[in-house]
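# Topology and contacts: notes
Listed here are the chains, written in short residue letters.
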Amino acid sequence: YTEVVTGIDAKDPHVSLCDAEFAPFEKGKFYLCTRTNNAYTSQLFLCEEYGKRVKDISPAGVKSERMEVAVLHEQKYKGKFYLAQGWIHCYVRFFDGKVFSDPLNKEAVNQVYAGAYWNFEFSVNQKDTSIMYLSMTQVSRSTDGGRNFKVISQYNEKNVHADIRAQVLAQSSEKGEHDVLIVG
């Protein structure tokens, strides 16, 4: 394996890596996200040449305890991705390969007893990017490209554990009508 040096303080118990996403169609390129315990200074790193070159590409001036990247597996999205970031208030942005958009959702996504440091998952439908899922203690879904989110699974009910620590969009479909989202 190759050690990737990001510049984060490995001795700081309040900072850790929380997400790694490989860039489709770009050999040796991936993204790493950090989380910070109540410091609100999470970071996003672009790693190239299998981690030999690392650059902090975090959006400037953004209060965030954790970030999650959702890459898209179509050639037209090469170098582009969605980014969810938050603490108790969560926002989604789009990276067009050069700059981040303003938050797509003007109203923050908030969930019952939620904090992004411990549990924060984000997925984008690969066939219809207007469909997005953001989970902490509930599952919220957007059907309009991240502008609005609606809770589709309540806190600690029979189908969702109180803290969602993993999420996989196992099947994407047009309009999200037959999506299969697995949370745990």
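Structure: see above.
Residues numbered from 1 in each chain as written. Predicted model: local features only at pLDDT ≥ 70, side-chain atom pairs only at ≥ 80, totals over all residues. Heavy atoms only, no water.

## A few points about the side chain of Thr36
For Thr36, the location among the structural elements is in strand E2 (residues 30–36). Take Thr36: its relative accessible area is 2%, and that puts it in the buried class. Polar side-chain contacts of Thr36 include one of 3.2 Å to the backbone nitrogen of Thr41. Ignoring anything within four residues of it in the chain, the contact list for Thr36 reads His14, Val15, Thr41, Ser42, Ser64, Glu65 and Tyr117. (Helix = DSSP H or I, 4+ residues; strand = E, 2+ residues; numbered from the N terminus. Buried < 20%, exposed > 50% of the residue type's maximum accessible area, 1.4 Å probe, protein only. Polar contact = N/O pair within 3.5 Å; in protein donor to acceptor, adjacent residues only side chain to side chain. Contact = heavy atoms within 4.5 Å.)

## What about the state of the cysteines?
On inspection of all chains with the given rule, the structure shows zero disulfides. Note on Cys33: no disulfide assigned, nearest cysteine sulfur contributed by Cys18 at a separation of 5.6 Å. Since its relative accessible area comes to 0%, Cys33 is described here as buried. Unpaired in this structure, Cys90 has its nearest cysteine sulfur neighbour in Cys18, at a distance of 12 Å. On the accessibility criterion, Cys90 (0% relative accessible area) is buried. (Disulfide = S-S within 2.5 Å.)

## Here's the deal with the sheet that holds strand E8 (residues 121–124)
Read from one edge to the other, the open sheet built from four strands follows the order E8-E9-E10-E11, with strand pairing classed as antiparallel. Taken across any chain shown, the strands that pair with only one partner, and hence form the sheet edges, are E8 and strand E11 (150–153). Sheet twist, expressed as the average angle between the axes of neighbouring strands with direction ignored, equals 25 degrees. Bridge analysis of E8 against strand E9 (residues 132–135) gives four bridges, and the strand direction is antiparallel. Within E9, the residue paired with Glu121 across the bridge is Ser135. (Pairing = 2+ DSSP bridges. Axes fitted to C-alpha atoms, helices over the stretch in contact; angles between N-to-C directions.)

## Describing a nonpolar patch on the surface
A contiguous nonpolar surface patch, about 240 Å² in accessible area, is contributed by Val168, Val180 and Ile182. Summarising the element assignment, Val168 is placed in strand E12 (residues 167–171). (Patch = residues over 30% accessible without salt bridge, like charges linked within 9 Å, V, L, I, M, F, W, Y side chains within 5 Å. Areas by Shrake-Rupley, 256 points an atom, 1.4 Å probe, with all protein chains shown as cover. Salt bridge = Lys/Arg side-chain N within 4 Å of Asp/Glu carboxyl O.)

## A look at the nonpolar core
If you look at the biggest cluster of nonpolar residues, it comprises 18 residues, and the most contacted ones within it are Tyr82, Val92, Phe122 and Leu134. Going through the elements one at a time, strand E6 (81–86), strand E7 (90–95), E8 and E9 are the ones with two or more residues in this core. Element by element, the count of residues in this core is highest for E7, at three residues. Residue contacts for Tyr82: discarding those within four places in its chain leaves Glu68, Val69, Ala70, Leu72, Val92, Arg93, Phe94, Leu104, Phe122, Val124, Thr129 and Met132. Listed in part, the 14 residues of the second largest apolar core include Cys18, Cys33, Leu46 and Ile57. (Core = buried A, V, L, I, M, F, W, Y, C linked by side-chain atoms within 4.5 Å.)

## Let's talk about the packing of aromatic side chains
Here the distance between the centres and the angle between the planes together describe a pair of aromatic rings. Following the criterion strictly, the structure yields eight aromatic pairs and no others. Judged by centre distance (6.3 Å) and plane angle (75 degrees), the rings of Tyr40 and Trp87 are edge-to-face. On the criterion of sequence distance, the pair formed by Tyr40 in the loop between E2 and strand E3 (44–48) and Trp87 in the loop between E6 and E7 is long-range, its members being 47 residues apart. Look at Trp87 and you get buried, because its relative accessible area is 15%. For the pair Phe81 and Phe95, a centre-to-centre distance of 4.9 Å together with 25 degrees between the ring planes defines the contact as stacked. With Phe81 in strand E6 and Phe95 in strand E7, the pair connects residues that are 14 residues apart, well separated along the chain. Residue Phe81 is classed as buried on the basis of its relative accessible area of 0%. Geometry around Tyr117 places Arg35 over its ring, the cationic atom sitting 4.3 Å from the centre. Across the ring face of Tyr40, the terminal group of Lys63 is positioned such that the distance to the ring centre comes to 4.6 Å. (Phe/Tyr/Trp six-rings, centres within 6.5 Å; stacked < 30°, edge-to-face > 60°. Lys NZ or Arg CZ within 6 Å of the ring centre and 35° of its normal.)

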